[in-house]
Amino acid sequence: MFRSFFLSRRWLPWSVLGSFLILAATWYRVQLDVQINEWFGTFYDLLQKALSKPGSITAAEYWGQAATFLSIAMVYITLAVVAEFFVKHYVFRWRQAMNDYYMQYWPRLRDIEGAAQRVQEDTMRFASIVEGLGVELMRSVMTLIAFLPILWVLSDKITELPILGAIPHSLVWVSIGWALFGTLLLAVTGIKLPGLQFQNQRVEAAYRKELVYGEDDPSRASPPVAQALFQTVRVNYFRLFFHYLYFDVVKWSYLQASVMVPLVAMGPTVVAGVITLGVYQQIARSFDRVTDSFQYLVVSWSTIVELLSIHKRLRAFEERINDPSAPGLPPIDPAPQQ
């Protein structure tokens with residue numbers, strides 16, 4: 001899954017240089033987000049000044065701020081579009097590396113349940129999901145590096161927290177505590193999902209395989225056999241739906257409650273009127289960025305569940321390739337493909 005792409009000379013420009021370019025683009029997008037956050041502070045302070053005292057700002061100041069945001073946004077959009085285009089090619093090259101690697105040993109793999117699907121579909125899904133999760137993880141880390149110091153400084157403007165009173169750099173600790181609570185909560189709630197998702201892929205593969213055989217062999221995929229296989233699919237899906245039901249209740253309840261956390265935390269400060277609208281916007285956006293970064297596992301848990309299931313399926317391929325008793329070709333050389 002990894003060796004065929006990242007340790008192959010053939011794919012070195014894509015695996016190493018491509019990964020570096022993706023990380024560089026991710027870092028620059030975070031820097032642009034920091035610039036936008038600073039713009040929010042300046043613009044909303046200007047807006048507060050204009051609304052509180054008519055005629056206190058000029059049209060040139062107002063449109064100048066709008067032009068500043070537009071210039072940053074256009075760079076952000078251009079970078080995002082180019083990066084997404086490059087990532088699509090990157091993912092497909094990774095898929096091709098896995099495809100070529102596995103197909104060398106097809107005689108050993110062809111009798112594994114759902115072998116064709118694993119080569120044709122799971123390789124693409126694996127590469128896409130790992131790339132997406134990896135980029136989001138790096139973005140979360142980079143966002144923390146960029147926004148945590150900002151929130152640390154801005155938290156000094158918060159006079160006190162409800163119930164807890166005055167705490168130095170309070171919003172940083174609130175963000176960390178709330179994200180840690182959510183991560184543990186969803187990890188416990190969704191503990192059964194990876195195994196159920198893996199079982200779901202197995203029963204789907206068995207049903208699909210029988211239907212494919214039935215296309216060429218009239219004795220296969222008879223109505224009773226197909227119905228029995230589909231009934232197994234149905235039962236497994238309904239079990240999966242039930243477990244996702246309570247998982248989604250917990251997940252979405254937590255994410256919606258997250259909206260209220262900074263409002264509650266900044267309540268006494270807002271009531272006291274000791275910060276401006278621009279500072280409020282900067283604090284709120286910085287808090288959201290830091291909290292979202294800490295909530296990486298919370299937001300990505302469903303995707304991680306899918307990845308674990310796909311990893312199990314592809315792992316079976318690699319175990320068969322290295323099994324000396326398996327039919328077909330001799331065991332693979334542990335050295336990476338060149």
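Residues numbered from 1 in each chain as written. Predicted model: local features only at pLDDT ≥ 70, side-chain atom pairs only at ≥ 80, totals over all residues. Heavy atoms only, no water.

**Overview of the overall build of the protein**
Counting secondary structure elements, the protein contains 11 helices and 0 strands. Ordered by position from the N terminus, the helices and strands of the protein form the series α-α-α-α-α-α-α-α-α-α-α. In terms of overall size, the protein is more extended than a compact globule, its C-alpha atoms giving a radius of gyration of 26 Å where 338 residues would be expected to give roughly 20 Å. Over its C-alpha atoms, taken along the principal directions, the protein stretches across nearly 85 × 45 × 35 Å. In the protein, which comprises 338 residues, the proportion classed as buried is 41%. Considering only contacts within the protein whose residues lie at least 6 apart along the sequence, 82% involve residues at least 24 apart. Surface summary for the protein: the accessible area is close to 18200 Å², and the carbon and sulfur share equals 67%. Positive and negative side-chain charges of the protein, numbering 29 and 27 respectively, have mean locations separated by a distance of 3 Å. (Helix = DSSP H or I, 4+ residues; strand = E, 2+ residues; numbered from the N terminus. Rg over C-alpha atoms; globule rule 2.2 N^0.38 Å. Buried < 20%, exposed > 50% of the residue type's maximum accessible area, 1.4 Å probe, protein only. Contact = heavy atoms within 4.5 Å. Areas by Shrake-Rupley, 256 points an atom, 1.4 Å probe, with all protein chains shown as cover. Lys, Arg positive; Asp, Glu negative; His and termini not counted. Charge placed at Lys NZ, Arg CZ, Asp CG, Glu CD.)

**Re the packing of aromatic side chains**
Following the criterion strictly, the structure yields 28 aromatic pairs and no others. Each ring, one from Trp94 and one from Phe126, has its centre 6.1 Å from the other, and the planes form 85°; the classification is edge-to-face. Here Phe126 lies in helix α5 (residues 115-154) and Trp94 lies in helix α3 (residues 59-103), a separation of 32 residues in the sequence. Seen in terms of ring centroids, Phe238 and Phe241 are 6.2 Å apart; in terms of plane orientation they differ by 35°. Their pairing is tilted. Highlighted residues: Phe238 and Phe241, both in helix α8 (residues 223-265), separated by 3 residues, approximately one helical turn. By relative accessible area, Phe238 is classed as partly exposed at 45%. Phe241 sits in the partly exposed class, given a relative accessible area of 49%. (Phe/Tyr/Trp six-rings, centres within 6.5 Å; stacked < 30°, edge-to-face > 60°.)

**Concerning the confidence of the model for the protein**
For the protein, per-residue confidence averages 81 on the pLDDT scale, and residues scoring 70 or more make up 95% of the total. Of all secondary-structure elements in the protein, the lowest mean pLDDT belongs to helix α4 (residues 106-109), at 76, while α3 reaches the highest, 88. Below pLDDT 50 for its whole length, residues 329-338 participates in 23 contacts with residues either more than four positions away or in separate chains. (pLDDT = per-residue confidence, 0-100.)

**Some details on the layout of surface pockets**
The computed volume of the largest pocket comes to approximately 640 Å³. If you go around the largest pocket, you meet 30 residues; those closest to its centre are Asp288, Arg289, Thr291, Asp292 and Ser293. At the level of secondary structure, the elements contributing two or more residues to the lining of the largest pocket comprise α2 (12-52), α5, α8, α10 (277-294) and α11 (296-321). Ranked by residue count, the leading element in the lining of the largest pocket is α10, at 8 residues. (1 Å grid on protein atoms, 1.4 Å probe; cavity = no way out; pocket = protein on both sides within 12 Å on 5 of 7 lines; lining within 4 Å. Points joined across faces, edges and corners; volume = space filled by probe spheres on them.)

**Some details on the domain arrangement of the protein**
Buried accessible area, meaning the area lost when the parts come together, often serves as the stated size of an interface. Split by domain assignment, the protein resolves into domain 1 (1-157 + 296-337) and domain 2 (163-274). Taking the mean C-alpha position of each, domain 1 and domain 2 sit 21 Å from one another. Domain 1 puts 22 residues into the contact, and the matching count from domain 2 is 27 residues. Counting the contacts that link domain 1 with domain 2 gives 0 salt bridges. Of the residues forming the side of domain 1 that touches domain 2, the biggest block, 12 residues, is contributed by α11. Residue composition of the side of domain 1 that touches domain 2, by class: 10 nonpolar, 5 polar and 7 charged. (Domains from an automatic or database assignment. Salt bridge = Lys/Arg side-chain N within 4 Å of Asp/Glu carboxyl O. Nonpolar A, V, L, I, M, F, W, Y, C, P; charged D, E, K, R; others polar.)

**Some details on the UniProt feature "transmembrane region" (unreviewed entry) in the protein**
The feature "transmembrane region" (unreviewed entry), as given by UniProt, occupies residues 12-30, 62-87, 133-154, 166-188, 259-281 and 293-310 in the numbering adopted here. The span residues 133-154 is 100% helix and 0% strand, and its two end C-alpha atoms sit 30 Å from each other. For residues 293-310, the end-to-end C-alpha separation is 25 Å, with 94% helix and 0% strand making up the annotated structure. (UniProt positions renumbered as here; feature names shortened; annotations may be inferred.)

**Looking at the packing of α3 against α11**
Two numbers describe how α3 lies on α11: the axes approach to 11 Å, and their chain directions differ by 35°. Handedness of the α3/α11 crossing: left-handed. Contact residues: α3 offers Met98, Tyr101 and Tyr102, while α11 offers Leu314, Phe317, Glu318 and Ile321. For the contact of α3 with α11, a count of residues per class yields 6 nonpolar, no polar and 1 charged. (Axes fitted to C-alpha atoms, helices over the stretch in contact; angles between N-to-C directions. Left-handed = near helix turned anticlockwise from the far one by under 90°.)

**A look at the side chain of Ser170**
Its location among the elements puts Ser170 in helix α6 (residues 170-189). Once residues within four sequence positions are removed from consideration, Ser170 is found in contact with Ser155, Ile158 and Leu161.

**Section: the packing of α2 against α5**
It is the contact of α2 with α5, at a shortest axis distance of 9 Å, that shows an interaxial angle of 35°. You can see that α2 and α5 cross each other, and the crossing is right-handed. Of the residues in α5, those in contact with Ile22, Leu23, Thr26, Trp27, Arg29, Val30, Gln31, Asp33, Val34 and Asn37 of α2 are Glu131, Val135, Met138, Arg139, Met142, Thr143, Ala146, Phe147 and Ile150. Its residues placed into classes, the contact of α2 with α5 shows 11 nonpolar, 4 polar and 4 charged.

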